[in-house]
Amino acid sequence: MTVLQLDAVTRVHGAGDNTVHALREVSLTAATGELVAVMGPSGSGKSTLLNVAGGLDRPTSGTVAVEGADLSTLRLRDLVALRRRHIGYVFQDLNLIPSLNVIENVMLPHELDGVRRATAKKQAASALAEIGLAHMAARYPDEISGGQRQRVAIARALVGERRLLLADEPTGALDSAAGDDILALLRSRCEAGATVLLVTHEARYAAWADKVVFLRDGAIADSTDLSSDGSAASAR
Amino acid sequence: MNGLLPVLRLSLRLSIRGIRRAKGRSALIAAMVGVPVMVFTAFFTIVTTADVSHEEGLPWTLGSADAKIFTRWYMQEGAARARPATAEELSPLLPPGSRLLRVDTANVPYRTDRWHAPIALLQVDFKDPLTRGMVRLTEGRMPTAAGEIAVSAQVVEAGARVGQDLTIGDSAAVKRVVGAVEGPPHTFLIAAPGGGVDGGRTDVSWLVDAPRPLLRHDLRNLDGHGFSAVSRAVAPASETPASGSLLWGSGNTSLAEHGPVGVLFGLTMSLIVVEVALLAGSAFMVGERRRRRELALVVAQGGEPRHVRTLMMADGLLLGALGSVLGAALGVALVFLLQPLIAAVYRPLGPFDVPWWDTATVIGLGVVSALLACLVPARRAARADTAAALAGRRIAPRSRRGLPVAGAALLVAGTAGAVAALWANGAVFLIGCLLVQLGLVLLAPTLVDLVGALSSRAPLPIRLAARDAVRHRGRTAPAVVAVTAAVAMTTAIGVSLSSTQARHERDYSPLQPLGAVVVEKAGHSREKWAEVGERLRMELRGVPLIEQSVLVSRAPGQPEHGAGSSIRIVGCAVPCVLLGGRLPVGNAALLRYLLGRNDHATSAALDAGKVIAFDPAVVRDGHVKLKRRGPTGAVDTITMPAVLAHPATGTVLKVLLPKSAANTLGLAVEPYAYVINPRDHAVGEEERQRLNAALLQVTYAGEVRIERGWPHTQTFSFALLTAAVTAVALAAALVAAGLARVDARPDIASLASVGATRRVRRLFTAGQAGIIVGSGAVVGVLLGLALGVAAYAMAARPPGRGVTSFVVSPDFGIDLPWLLLGGMVIVLPLAAMGVAALFTRAEEPLTRRLA
Ligand SMILES: Nc1ncnc2c1ncn2[C@@H]1O[C@H](COP(=O)(O)OP(=O)(O)O)[C@@H](O)[C@H]1O
Ligand SMILES: [Mg+2]
């Protein structure tokens, strides 16, 4: 089942001489259980792609659909609600709100949604348990390691009903061992039914993906489907 | 629609943690809200506590009686006379079966280690149950015999002791102190019936024990017969209830009744709310910048704009509530702890009393102004570009360029309104001031642009600061307005005060030569006055004590009261200055004192019985003419030989009469004062106090005074105001400079990376502060000058008349307080720069790398 579908998405910043084509006619799909890696040099439009995919940014032209819903037809309130219930973001760092502890950070989407505190807490606890950080629930972000922070962010991105995870260089601020751990976690979440769109510029992580999309100057330069490829399977 | 409650809870939790993390900024905002709340709460509490409400005062007045009937005083032939209320007279006017208890009240001085001014002496039979509750015995027992008294705590404080004797009254009667009592907030003594002292005026009143409460019609009936009364059952019409509120009340204790003072108070109050909103607003803007990423994360997790607004408003709510409640508590606590001090410098206080409604209103205002303050930052945060915030990309400030034309129009209209208030009333002045403030808010961005344009030649850090200030008008402008408003207010009050002071100085004409020591006779008897002279001579050890005398309007031996003669000097311009309206009489020593030098010729003339004139207008052909109007109304003219003298002391007296003139005119001579010639002996403050202490050994009603011209009183409240303005300006500078630093972090990081020193970074911050406070102060002073002149003109205006009557008057002069103005334009900005530079943290955190 297609969770995310981008059709000929173009995003232009600025006007006149300052025009920047951050994305040019980008089309892309991600299905349930898939890990799609987006690669490319700095400034190639990777972050823009992710922002557009999650509705944080709106395309200049083209359509974005999440779980079958065309984002451009949604009212702002419904778009935000969709993000709250179905889409999780993980950024390079500083994902967590420093004044909330770990479990409160994971509860955040539900609390914004007006879910009862007890329910929110139960779901957050189980999301934390799934990534093996249940014992860190009461700690504050600056009391845990960078790798642990990213894991908490992932737990939050997938708490409750959320199944689409948009990760913008989640390993960018980590050393390679911790980075590998994060990739392993993302991979295992995909096995459990999540869909992950992963922005990275580290080539070796491509091996973990089902599909790799190369961006250059805002356009897709190359796209490789690894899911049927034997070498990719062996890399897991 | 999902519930907002969980979000509110989340917001509060985030706020609380955020406040803990940014302790300094939070404390600053809380203080901005809390300090004014504290001041106002303290003010209201003091006023309410000092104000003894009808209900609070009842037990002291009535004891356990139903009513009290007072002696009615009335004027007859220029003298106050009492209508004695006797029990026989009163009984028919009261419900049958009423019982009366007589209370005598006199005013008597008393002596401990020195004499004290007269206080109330209450004489009543305290064995009577009607007196129960009037006072509370704290030590010893109640007086029962004529020679016994009990004293209040204040008298004990002055040195009276239970078991010892106390001298009271002009006749210096000695009484045995048998008890100490507590009662109304005035110093008093109590005695058994017949335990008073001779002489002086005694008021008689009656406590009433009636079979039924005395109602309004009973009081009206009594009033019709010439007696005033207080009844337990009838609250006076003008009184507010016990929960009296200055803000909400309607009676004589409400602010609305306080006229110009109320207007000024309202002005201050509104100014403070605006100020808090502006300043705290800037501070919240800092918070918004700091929390930008946190808020973007919330949006990324599915937060709606209203969630973001709630998150931001929670800060305002919490800090506002925290600051207000703490401020109010502190205000009340301060007043409670400082009661003795307040009673000493202000006036006696009643029972401690917190005006709950007023306090709640002030707290509410504090919270509202904090919420107002974070309204704009909250809206900005809700509209912020999330993707940009997440990428750490610089967000171009979108701030209004202001509305210069509308602003200028409002400014002009407001100033015109304030000036027009001269013909109208204080409320118009208030409205004018508010319009001016509004105009300033609209004009400020343009002003900031102007400053930016002026700074193109300044050194790099300052130039950078100015450019930055212009780019971020949205945060610079409110801070500038805050400084402007505060400075304008101080300037206005300063100009008004110093002009008033200058006018008083011009108008003041000292009766005595400068530096002279003066003890006026006041109400002393001849014997007491002689005793005073003796005592002073003893203290002075050989320095001549000169007696200044006057001619009184009666013949020698005539009784004190009753019709006398009045005397006028022909040709003496009004105001014809005499001593207490009477002709001064004196000898050669007094002449030398008035002239300020030895003048043998004039002295000889005085000895020869000639009048000495100090004003050429009163001498004609070597004579002075006096017009005497006798007791019967007959007028005759007396001509006396005179010589003209030119005093070197600037005395404003017109003439000095020889002693012999008294015989010529057939009038008695009375002492007026003892003086010491400053040329004989200069008395300093220390010696004055010693002389004063000696004087108080003899009498309560005298004061050793030194003629110093118009007293220079730099009022305490003005100093307080100046301090407050300084605080506001510094806070504005700090907040705005802090905000600038948050915004300019990338700039500063770039500066640092190209090798800029810490000095440059400090200068940048100092520059921001300087620009804000400097431009605010200059505009504030200009504005304040206009408002101050208007306020002064309004105060100097003769009541009930328009502006024309004094604008043409030569007396109307403006005196500018240069020191204050210079201080605000030069020192204040420099101080702000210094403080801002000091607060600059040495180490800059690295800016976030862009993902
Ligand atoms: N809000 C914006 N305004 C102007 N240009 C932008 C904005 N956002 C992104 N860009 C530009 O779009 C291009 C793509 O940016 P981005 O998606 O962040 O690239 P990447 O994440 O691959 O480094 C860059 O040239 C960037 O400067
Ligand atoms: Mg990027």
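Residues numbered from 1 in each chain as written. Chains lettered and ligands numbered in written order. Predicted model: local features only at pLDDT ≥ 70, side-chain atom pairs only at ≥ 80, totals over all residues. Heavy atoms only, no water.

A. Quick look at the interface of chain A and chain B. Listed by partner, the interface residues are 35 residues for chain A and 31 residues for chain B. Contact between chain A and chain B buries roughly 2,900 Å² in total, counting both sides, with carbon and sulfur atoms accounting for 53%. Of all residues in chain A, the largest losses of buried area upon contact with chain B belong to Ser-99, Glu-111 and Leu-112 of chain A, amounting jointly to 20% of the total for that side. Connecting chain A to chain B are 6 salt bridges. A salt bridge links Arg-84 of chain A to Glu-304 of chain B; its shortest N-O distance comes to 3.1 Å. Our count for the contact surface shared by chain A and chain B stands at 10 residue pairs in polar contact (both at pLDDT 80 or more). Sort the elements by how many residues they give to the side of chain A that touches chain B and helix α2 (residues 76-86) of chain A lands first, with 6 residues. (Contact = heavy atoms within 4.5 Å. Buried area = accessible area lost by both parts, 1.4 Å probe. Salt bridge = Lys/Arg side-chain N within 4 Å of Asp/Glu carboxyl O. Polar contact = N/O pair within 3.5 Å; in protein donor to acceptor, adjacent residues only side chain to side chain. Helix = DSSP H or I, 4+ residues; strand = E, 2+ residues; numbered from the N terminus.)

B. Just the packing of aromatic side chains, in detail. Applying the stated criterion to the full structure yields 3 aromatic pairs over all chains. An angle of 5° between the planes, with centres 5.4 Å apart, marks the rings of Tyr-89 of chain A and Phe-91 of chain A as stacked. We classify Phe-91 of chain A as buried; its relative accessible area is 7%. Their ring planes at 15° and their centres at 4.1 Å tell us that Trp-529 of chain B and Tyr-674 of chain B sit as a pair that is stacked. Residue Trp-529 of chain B is found in helix α17 (residues 526-540), and its partner Tyr-674 of chain B is found in strand β22 (residues 669-676); the two are separated by 145 residues along the sequence. Since its relative accessible area comes to 3%, Trp-529 of chain B is described here as buried. (Phe/Tyr/Trp six-rings, centres within 6.5 Å; stacked < 30°, edge-to-face > 60°. Buried < 20%, exposed > 50% of the residue type's maximum accessible area, 1.4 Å probe, protein only.)

C. Region of interest: the pattern of salt bridges. Counting across every chain of the model gives 36 salt bridges over all chains. Between Arg-77 of chain A and Glu-304 of chain B there is a salt bridge, with the nearest N and O atoms lying 3.3 Å from each other. Highlighted residues: Arg-77 of chain A in helix α2 and Glu-304 of chain B in the loop between α8 (292-300) and α9 (305-337), drawn from two different chains. A relative accessible area of 3% places Glu-304 of chain B in the buried class. The partner of Lys-127 of chain B in a salt bridge is Asp-125 of chain B, and the shortest N-O contact between them spans 3.9 Å.

D. Structural view of the sheet that holds β22 of chain B. Residue and element names in this part refer to chain B. Reading across the sheet, the 5 strands line up as β16-β14-β22-β13-β23 and stay open at both edges, with antiparallel pairing between neighbours. Lying at the two open borders of the sheet, with one neighbouring strand each, are β16 (584-585) and β23 (705-706). Bridging between strand β13 (residues 517-520) and β22 involves 4 bridges; their strand directions are antiparallel. Looking across to β22, one finds that Glu-520 is bridged to Ala-673. Across the sheet, helix α18 (residues 588-595) lies against β14 (546-551), β16 and β22, angled at about 95° from β14, the strand it touches most. (Pairing = 2+ DSSP bridges. Axes fitted to C-alpha atoms, helices over the stretch in contact; angles between N-to-C directions.)

E. Representation of helix α26 (residues 818-839) of chain B in the model. All names here are of chain B. Spanning 22 residues, α26 covers 30 Å between terminal C-alpha atoms, matching the ideal 32 Å at 1.5 Å per step. Of all the bends in α26, the greatest measures close to 40° and is centred on Met-824. For α26, the full list of buried residues reads Leu-820, Leu-821, Met-824, Leu-828, Pro-829, Ala-832, Ala-836 and Ala-837. (Expected span 1.5 Å × (residues − 1). Bend = angle between axes of the 7 residues up to and from the residue.)

F. Seen up close, the sheet that holds strand β2 (residues 20-31) of chain A. Read across the open sheet, the 4 strands follow the order β2-β1-β4-β5 (chain A); overall the sheet is antiparallel. Every other strand in the sheet has two partners, leaving β2 and β5 (69-70) of chain A as the edge strands with one partner each.

G. A look at a nonpolar patch on the surface. Residue and element names in this part refer to chain B. Among the surface-exposed residues, Val-778, Leu-782, Val-825, Ile-826, Val-827 and Leu-830 lie close enough to one another that they form a single nonpolar patch of about 540 Å² accessible area. Where the nonpolar patch is concerned, the elements lending two or more residues are α24 (758-796) and α26. The element contributing the most residues to the nonpolar patch is α26, with 4 residues. When its relative accessible area of 56% is taken as the criterion, Leu-782 is described as exposed. (Patch = residues over 30% accessible without salt bridge, like charges linked within 9 Å, V, L, I, M, F, W, Y side chains within 5 Å. Areas by Shrake-Rupley, 256 points an atom, 1.4 Å probe, with all protein chains shown as cover.)

H. Fine view of the nonpolar core. Ranked by size, the top nonpolar core spans 49 residues in total, and within it Leu-4, Leu-6, Leu-49, Leu-166 and Leu-197 of chain A carry the most contacts. Per-element tally for this core: the top contributor is α8 of chain B, with 6 residues. Dropping the residues within four chain positions of it, Leu-166 of chain A is found in contact with Leu-50, Ala-53, Gly-54, Ile-87, Gly-88, Tyr-89, Val-90 and Leu-197 of chain A. By size, the runner-up hydrophobic cluster in this structure holds 43 residues, among which are Leu-96, Ala-124, Met-136 and Leu-158 of chain A. (Core = buried A, V, L, I, M, F, W, Y, C linked by side-chain atoms within 4.5 Å.)

On their own, these measurements won't tell you what the molecule is for.
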